[in-house]
Amino acid sequence: QVQLVESGGGSVQAGVSLRLSCAVSGRTFSRYTMGWFRQAPGKDREFVAGIKWSDGSTYYTNSVKGRFTISRDNAKNTVYLQMNSLKPEDTAVYYCAVDPIMSRIGVYTTSDGYRYWGQGTQVTVSS
């Protein structure tokens, strides 16, 4: 069983930065494609960013391009989401997730492509 634990959320003013971390258990982290999703109150869970296991290629939803950066440290079994220039519309619970299918082409941008999930961390951005 793969376990994920997110951290780094908080309540901040618009314009500042936060870095979320997601620690993943297990010895095969380097072979997982990782994703970050978020869910705002009353809204569906949406894809934010993903990083491919094989070549480190990254993918972002349009609303965060240029502001957010996903990265990973395979030695620490951790994936990060650096969030800069935060906006009130970034307010949500942020989840990291594992796609363990190594043969997948690209990165899934829908939640059904991910098998394991963390418990989420709240990010609240005030104006």
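Higher on the page you've got the structure.
Residues numbered from 1 in each chain as written. Predicted model: local features only at pLDDT ≥ 70, side-chain atom pairs only at ≥ 80, totals over all residues. Heavy atoms only, no water.

Enquirer: Outline the nonpolar core, listing residues and values.
Expert: Of all hydrophobic cores here, the largest spans 29 residues; its most connected members are Leu4, Val24, Met34, Trp36, Leu81, Met83 and Tyr94. When residues of this core are traced back to their parent elements, those giving at least two are β3 (18–24), β4 (33–39), β5 (46–51), β7 (68–73), β8 (78–83), β9 (92–99) and β11 (121–126). Once residues lying within four places of it in the same chain are set aside, the contact partners of tyrosine 94 are Glu6, Leu20, Trp36, Phe37, Arg38, Val48, Phe68, Leu81, Met83, Gly120, Thr121 and Val123. Within the second largest apolar cluster, five residues are counted, among which are Phe37, Phe47, Val107 and Tyr114. (Core = buried A, V, L, I, M, F, W, Y, C linked by side-chain atoms within 4.5 Å. Buried < 20%, exposed > 50% of the residue type's maximum accessible area, 1.4 Å probe, protein only. Helix = DSSP H or I, 4+ residues; strand = E, 2+ residues; numbered from the N terminus. Contact = heavy atoms within 4.5 Å.)

Enquirer: How would you summarise the side chain of lysine 52 if you had to cite specific residues and measurements?
Expert: Its place among the elements puts lysine 52 in the loop between β5 and β6 (58–60). Not counting chain neighbours up to four residues away, the residues in contact with lysine 52 comprise Thr33, Ser57, Arg72, Met102, Arg104, Ile105, Gly106 and Val107.

Enquirer: So what's going on with the sheet that holds β7? Which residues, and what values?
Expert: Taken in spatial order, the four strands line up as β1-β3-β8-β7 in an open sheet, and their pairing is antiparallel. Every other strand in the sheet has two partners, leaving β1 (4–7) and β7 as the edge strands with one partner each. For this sheet, the mean inter-axis angle between neighbouring strands, taken without regard to orientation, is 15°. With six bridges connecting them, β7 and β8 associate as antiparallel partners. If you follow aspartate 73 over to β8, its bridge partner there is threonine 78. (Pairing = 2+ DSSP bridges. Axes fitted to C-alpha atoms, helices over the stretch in contact; angles between N-to-C directions.)

Enquirer: Provide a residue-level description of the pairing of β1, including the pertinent values.
Expert: The alternating pattern of β1 places Leu4 and Glu6 on a buried face, while none of Val5 and Ser7, on the opposite face, is buried. Where β1 meets β3, four bridges bridge the pair, whose relative direction is antiparallel. The residue bridging glutamate 6 from the neighbouring strand is cysteine 22, located in β3.

Enquirer: Which residues make up the packing of aromatic side chains, and what values go with them?
Expert: Overall, the coordinates contain five aromatic pairs when judged by the stated rule. Directly above the aromatic system of tryptophan 117 lies the positively charged group of arginine 45, at a separation of 4.8 Å from the ring centroid. Geometry around phenylalanine 29 places arginine 72 over its ring, the cationic atom sitting 4.6 Å from the centre. (Phe/Tyr/Trp six-rings, centres within 6.5 Å; stacked < 30°, edge-to-face > 60°. Lys NZ or Arg CZ within 6 Å of the ring centre and 35° of its normal.)

Enquirer: Go over the side chain of threonine 121 with me, naming the residues and quoting the values.
Expert: Examined against the element boundaries, threonine 121 turns out to sit in strand β11. Among the residues examined, threonine 121 registers a relative accessible area of 10% and is labelled buried. A polar contact of 3.2 Å, which involves the side chain of threonine 121, links it to the backbone nitrogen of glycine 9. (Polar contact = N/O pair within 3.5 Å; in protein donor to acceptor, adjacent residues only side chain to side chain.)

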